[in-house]
Amino acid sequence: MGEVNAEEGLPFDLNPMYEGERVRKTNMYVELGGQDKPGFELVLFEPDSEKVKDEEVSLIGPDLDEMEEGCSYAYAMIYTVYGEQIEKDLEAVIERRNHEYQSYIQGYMHLNQRSAVWVRISTDAMKKGLKSLKQIGKATIKLFKAELPFIEKMEATFITDEAKVEKRLEEANKIYEARDLKTRGLHDEDVDEFYQCSLCQSFAPTNVCVVAPDRIALCGAMSWFDSRAAARVDPEGPNAPIPKGECIDPIGGEYSGVNEAAVRLSGGEYDSIKLHSFLEKPHTSCGCFEVAGFYIPELDGVGWVHRGSKVSETPIGLPFSTIAGSVGGGKQVKGFLGIGIQYFYSSKFIQADGSWRRVIWMASDLKERVADAIPEDMKDKIATEKEVKDIESLREFLIKVDHPVVKGVVREVDGVQVTDGWATAEEVAVIPAAVEEGVAPIPTGVPAGVDIPVTSMLTAGTGSPIVITLKDANIRIGKIIVKKKVGK
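Conventions and cut-offs
- Residues numbered from 1 in each chain as written.
- Predicted model: local features only at pLDDT ≥ 70, side-chain atom pairs only at ≥ 80, totals over all residues.
- Heavy atoms only, no water.
- Helix = DSSP H or I, 4+ residues; strand = E, 2+ residues; numbered from the N terminus.
- Polar contact = N/O pair within 3.5 Å; in protein donor to acceptor, adjacent residues only side chain to side chain.
- Contact = heavy atoms within 4.5 Å.
- Buried < 20%, exposed > 50% of the residue type's maximum accessible area, 1.4 Å probe, protein only.
- Core = buried A, V, L, I, M, F, W, Y, C linked by side-chain atoms within 4.5 Å.
- Phe/Tyr/Trp six-rings, centres within 6.5 Å; stacked < 30°, edge-to-face > 60°.
- Pairing = 2+ DSSP bridges.
- Axes fitted to C-alpha atoms, helices over the stretch in contact; angles between N-to-C directions.
- Salt bridge = Lys/Arg side-chain N within 4 Å of Asp/Glu carboxyl O.
- Expected span 1.5 Å × (residues − 1).
- Disulfide = S-S within 2.5 Å.
- Parallel < 35°, antiparallel > 145°, perpendicular 65-115°, else oblique.
- Left-handed = near helix turned anticlockwise from the far one by under 90°.
- Nonpolar A, V, L, I, M, F, W, Y, C, P; charged D, E, K, R; others polar.

(A) Up close: the side chain of Ser277. Mapped onto the fold, Ser277 is located in the loop between helix 7 (256-265) and strand 14 (291-296). A polar contact of 2.9 Å, which involves the side chain of Ser277, links it to the backbone oxygen of Glu280. When neighbours within four sequence positions are excluded, Ser277 is seen to be in contact with Gly252, Pro282, Leu337, Ala352 and Asp353.

Put into structure tokens, the structure is as follows:
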């Protein structure tokens, strides 16, 4: 890494030690992409060597020294690559490495992937002489070619002009979609091995990312096909085979080989994972997942909100950022789950817990984005922030549309009833009476030993004399004893 730095005379260090470095807002010169501005990264394979201008970096739009400190800007990174060993299927593999290699740059924070890229450049880097995004581009190309020698030629086009970024983003989304469609015909039972991805372990050391045909990587950027291609061209890289081993639970997606990998990859922190379960041995979550799921114990259902959503709060009173903080970092948290958006299209989507029949809320922009993945009989039964604002209004909505969670969810895959259902409209009125007697009701259907996020154990709007609201907490409650104040 030092040789690359010296050769180019770059004003920053290049070293894997900077992976995981965070640029906080107090030390931020500019922010590129992220939640406020459009951004994406894309790798395109060019089979004609003559059409690739090796190590050339072009910039369309304002450069760093033309940007206002503390502001956010649009950002696109488009790389064109050539190599005798490269084929089109390797585009996504090379593209995902942009996260790894750009994280080697001191003072440059790169997070996420595809159309969710989020970059911050520190004021310290600018003070040391960083002046242009072309310097970032040249360093990135050098790193790619040094780490992946099958790349013979590579050029980059960086765009910061917002209108042009948005226009090229439309083209990029079509390419992402075409890649995703390719993976939907293959299933877990059709293959003998899955793949691991350790790219995010610099940010989440205990994360166990398992990529299977029916479960795309949490970042959404690496499918089973992508991971297989990556393992073949770079055997020592972050993607390696995981033998499936014995199938322990075909519904939950638990395999002995995955469990063995969980122990190894998490450093012994976790010993078992179910690929298609939300509440029992769920998959760990890194920091790059596209969507966060959260269990709503009061209604025994699941909600989903995605990164970049315009929804400020979910029914449990928490935005995506807070939920992500609860589940990220490589944790296995029962009641929270990070996934890639394409997992919604999987035939095994959280099938251990009832699949779509367990989903009771989604951010409206996410629901619209994956509308064709939702079964027709469930589309009108899943609420968004447009219909409900809190737990109580969500409860009323679910009763009105006769959502399966009201009477109990039956798994379509095997006919097993996984929840018992909860209070009907008439029974809701019993809750205040229970409080008067001194015992607050606990939601039914919560598996034993599950840590659940509690937002309002006593339902607001029912006439209850008190409301207990605990935000951003994972707790276990057997029962709550409420005693009346005795007069003198």
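(B) Highlighting helix 6 (residues 224-233). Of all the positions in helix 6, only Trp224, Asp226, Ser227, Ala229, Ala230 and Ala231 are classed as buried. With a side-chain oxygen lying 3.4 Å from the backbone nitrogen of Phe225, the N-terminal cap of helix 6 falls on Ser223.

(C) Representation of the environment of Pro250. Positionally, Pro250 belongs in the loop between strand 12 (247-249) and strand 13 (254-255). Separated by 25 residues in sequence, Pro250 and Leu275 have C-alpha atoms that sit 9.8 Å apart.

(D) Inspection of the nonpolar core at higher detail. Counting 107 residues, the largest nonpolar core has Ile121, Trp304, Phe344, Trp356, Trp361 and Met362 as its most contacted members. In this structure Phe344 touches Val291, Trp304, Ile339, Phe349, Trp356, Met362, Leu366, Val370 and Ala373, once residues within four positions along its chain are discounted. Core analysis: the second largest hydrophobic core is formed by 17 residues, Val208, Trp224, Ile242 and Ala261 among them.

(E) Molecular detail of the packing of aromatic side chains. In this structure the tally under the stated criterion is 17 aromatic pairs. Where Tyr75 meets Phe158, the ring centres are 5.8 Å apart and the plane angle is 75 degrees; that geometry is what we call edge-to-face. On the criterion of sequence distance, the pair formed by Tyr75 in strand 5 (residues 75-82) and Phe158 in strand 8 (residues 153-159) is long-range, its members being 83 residues apart. Overall, Tyr75 belongs to the buried group, its relative accessible area being 0%. Ring plane angle 85 degrees and centroid distance 5.6 Å describe the contact between Phe278 and Trp304, whose orientation is recorded as edge-to-face. Of the two residues, Phe278 sits in the loop between helix 7 and strand 14 while Trp304 sits in strand 15 (residues 301-306), which places them 26 residues apart along the sequence.

(F) Focus on the sheet that holds strand 2 (residues 39-45). Here we have 4 strands laid out as an open sheet, ordered 2-5-8-3, and mixed in their pairing. The open sheet is flanked by strand 2 and strand 3 (57-60), the only strands paired with a single partner. On average, each strand axis in the sheet is inclined to that of its neighbour by 15 degrees, with strand direction left out of account. Pairing geometry for strand 5 and strand 8, over 7 bridges, is antiparallel. By the bridge assignment, Tyr82 is partnered in strand 8 with Lys153. Strand contacts of helix 4 (residues 133-147): strand 3, strand 5 and strand 8, with the helix running at about 150 degrees to strand 8, the strand carrying the most contacts. Strand contacts of helix 5 (residues 162-182): strand 2, strand 3, strand 5 and strand 8, with the helix running at about 60 degrees to strand 2, the strand carrying the most contacts.

(G) Structural view of the sheet that holds strand 17 (residues 359-362). The 4 strands are arranged 16-14-15-17 in an open sheet whose pairing can be described as mixed. A strand with exactly one partner marks an edge of an open sheet, and here the two such strands are strand 16 (336-339) and strand 17. When strand polarity is set aside, the average angle formed by the axes of neighbouring strands in this sheet is 25 degrees. Sheet analysis places strand 14 next to strand 16, joined by 4 bridges and oriented antiparallel. Considered in strand 16, the bridge of Ala292 is made with Gly338. Those strands touched by helix 8 (residues 320-327) are strand 14, strand 15 and strand 16, and its axis lies near 100 degrees from that of strand 16.

(H) Fine view of the pattern of salt bridges. Evaluation of the coordinates by the stated rule reveals 25 salt bridges. In this structure, the salt-bridge partner of Glu100 is Arg97, at a minimum N-O distance of 4.0 Å. Here Glu100 and its partner Arg97 are both found in helix 2 (residues 91-102), 3 residues apart, which amounts to about one turn of the helix. Exposure class is identical for Glu100 and Arg97. Each is buried. Linking Lys379 and Glu376 is a salt bridge whose minimum nitrogen-to-oxygen distance equals 2.8 Å. With a relative accessible area of 62%, Glu376 lands in the exposed category. Each of Asp54, Glu55, Lys142 and Lys145 takes part in salt bridges that share partners, so that together they form one network.

(I) Molecular detail of helix 2. Look at helix 2: 17 Å from first C-alpha to last across 12 residues, which is about the 16 Å you get at 1.5 Å a residue. Across the 12 residues that make up helix 2, a large majority, 12, are buried. Along helix 2, the residues classified as buried are Glu91, Ala92, Val93, Ile94, Glu95, Arg96, Arg97, Asn98, His99, Glu100, Tyr101 and Gln102.

(J) Spotlight on the state of the cysteines. Inspection of every chain in the model, using the stated rule, returns 0 disulfides. Cys219 takes part in no disulfide bond, and the closest cysteine sulfur to it belongs to Cys197, at a distance of 6.3 Å. Cys200 provides the cysteine sulfur closest to Cys288, a residue in no disulfide bond, and the two sulfurs are 3.6 Å apart. Taking relative accessible area as the criterion, Cys288 reaches 4% and is therefore assigned buried.

(K) How the structure looks around unusual backbone geometry. The backbone of Asn112 sits at a positive phi, close to 70 degrees, despite the residue not being glycine. Tracing the chain through its elements places Asn112 in the loop between strand 6 (108-111) and strand 7 (118-122). A positive phi angle, close to 55 degrees, is found at Asp402, a residue other than glycine. Topologically, Asp402 is positioned in the loop between helix 10 (391-401) and helix 11 (404-407). Relative accessible area serves as the criterion here: at 39%, Asp402 is assigned to the partly exposed category.

(L) View of the packing of helix 2 against helix 4. The interhelical angle for the contact between helix 2 and helix 4, taken along N-to-C directions, is 115 degrees, at an axis separation of 10 Å. With respect to their mutual orientation, helix 2 and helix 4 come out roughly perpendicular. Here helix 2 runs over helix 4; the crossing is right-handed. Side by side, helix 2 and helix 4 meet where Ile94, Arg97, Asn98, Tyr101 and Gln102 of the first sit next to Ile136, Thr140, Leu143, Phe144 and Glu147 of the second. Residues that form the contact of helix 2 with helix 4 fall into these classes: 5 nonpolar, 3 polar and 2 charged.

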